[in-house]
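Structural overview
Listed below, chain by chain, are the residues.
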Amino acid sequence: MTQEDRARVIDRMNEAATLLTERMDARLIPEVGMNIVYALPDARSRDDVAAVSGRIVRLGGRVHPVGEIAFGASDHVARIVLTVMRFDPEIRSAANIRFSETFLLEMENLLFEICSFDRANEPPGVQTMDWGVASCCREGVPDVIYDRGAVGKEPMIRVLGEDPVTVAHNILKLSNRITYAQL
């Protein structure tokens, strides 16, 4: 990939991070923090995926990116998008948000295609995200993949899309619907 490709990815990520920082309800951020990623076309490893260094956290009830946008800054969410790209190379972005039944219901109301996996069914010797995400993508990549967690693992919703601005806009659609909800 060229420096121009890398610069384009960073620019789109900055645009998405700004949207989320300025407009997202902080209650969407999970306890472990949130990240949004964007892979280069033909990405093969986490070093080909840009993310927010140190994640996005809740700070004083506000959305706060901890660090800069950088390649190789995410492991967990980067693995999600790398797995998804094996099924559809156009889907190059993902973000994780807090799990809530209310959020899922609103996403259904927004007509997002949603799939889930159960960590209890994970075969031995595989990484959860690789297996869980792949199990949801066999018939096509959904807009949303979630799981209800496991012992020591926070339940999570993952939002997928072609680029981080699209992912951010989909998260903001949900955010707008929950702003006045009692969660």
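Residues numbered from 1 in each chain as written. Predicted model: local features only at pLDDT ≥ 70, side-chain atom pairs only at ≥ 80, totals over all residues. Heavy atoms only, no water.

1. Remarks on the overall build of the protein chain
Each helix and strand in the protein chain was counted, giving five helices and nine strands. Helices (α) and strands (β) of the protein chain occur, in sequence order from the N terminus, as α-β-β-β-β-β-α-β-α-β-α-β-β-α. Against the 2.2 N^0.38 benchmark of 16 Å for 183 residues, the protein chain shows a C-alpha radius of gyration of 15 Å, consistent with a compact globule. Taken along the three principal axes of its C-alpha coordinates, the protein chain extends 45 × 40 × 30 Å. With 183 residues in all, the protein chain has 50% of them scored as buried. Carbon together with sulfur atoms contributes 46% to the accessible area of the protein chain, which is approximately 9000 Å² in total. Counting 21 positive and 27 negative side-chain charges, the protein chain places the centres of these two groups 4 Å from one another. (Helix = DSSP H or I, 4+ residues; strand = E, 2+ residues; numbered from the N terminus. Rg over C-alpha atoms; globule rule 2.2 N^0.38 Å. Buried < 20%, exposed > 50% of the residue type's maximum accessible area, 1.4 Å probe, protein only. Areas by Shrake-Rupley, 256 points an atom, 1.4 Å probe, with all protein chains shown as cover. Lys, Arg positive; Asp, Glu negative; His and termini not counted. Charge placed at Lys NZ, Arg CZ, Asp CG, Glu CD.)

2. Some words on the packing of helix 2 (residues 76-87) against helix 4 (residues 128-137)
In the contact formed by helix 2 and helix 4, the axes pass within 9 Å of each other and the chain directions differ by 35 degrees. Crossing of helix 2 against helix 4: the hand is right-handed. Listed contacts from helix 4 to H76, R79, I80, T83, V84, R86 and F87 of helix 2 are M129, D130, V133, A134 and C137. (Axes fitted to C-alpha atoms, helices over the stretch in contact; angles between N-to-C directions. Left-handed = near helix turned anticlockwise from the far one by under 90°. Contact = heavy atoms within 4.5 Å.)

3. Some words on the state of the cysteines
Within this structure, the stated rule accounts for one disulfide. Each sulfur of the disulfide joining C115 and C136 lies 2.5 Å from the other. What sets the handedness of the C115 and C136 disulfide is the S-S torsion sign, and at about -80 degrees it is left-handed. Taken together, the residues C115 in strand 7 (residues 114-116) and C136 in helix 4 connect sequence positions 21 residues apart. Of the residues examined, C136 reaches a relative accessible area of 6% and is grouped as buried. (Disulfide = S-S within 2.5 Å.)

4. Considerations on the sheet that holds strand 9 (residues 156-161)
Spatial ordering of the open sheet is given by 5-2-1-6-9-8-7, a layout of seven strands whose pairing is mixed. At either end of the open sheet lies a strand with only one pairing partner, and these are strand 5 (69-71) and strand 7. Taken pair by pair, the neighbouring strands of this sheet meet at an average axis angle of 20 degrees, ignoring direction. When strand 1 (residues 36-39) meets strand 2 (residues 49-52), the two strands line up antiparallel, connected through three bridges. Each residue of the ladder has a partner; that of V37, found in strand 2, is A51. Contacts from helix 4 reach strand 7, strand 8 (144-147) and strand 9, with the element oriented near 130 degrees to strand 8. (Pairing = 2+ DSSP bridges.)

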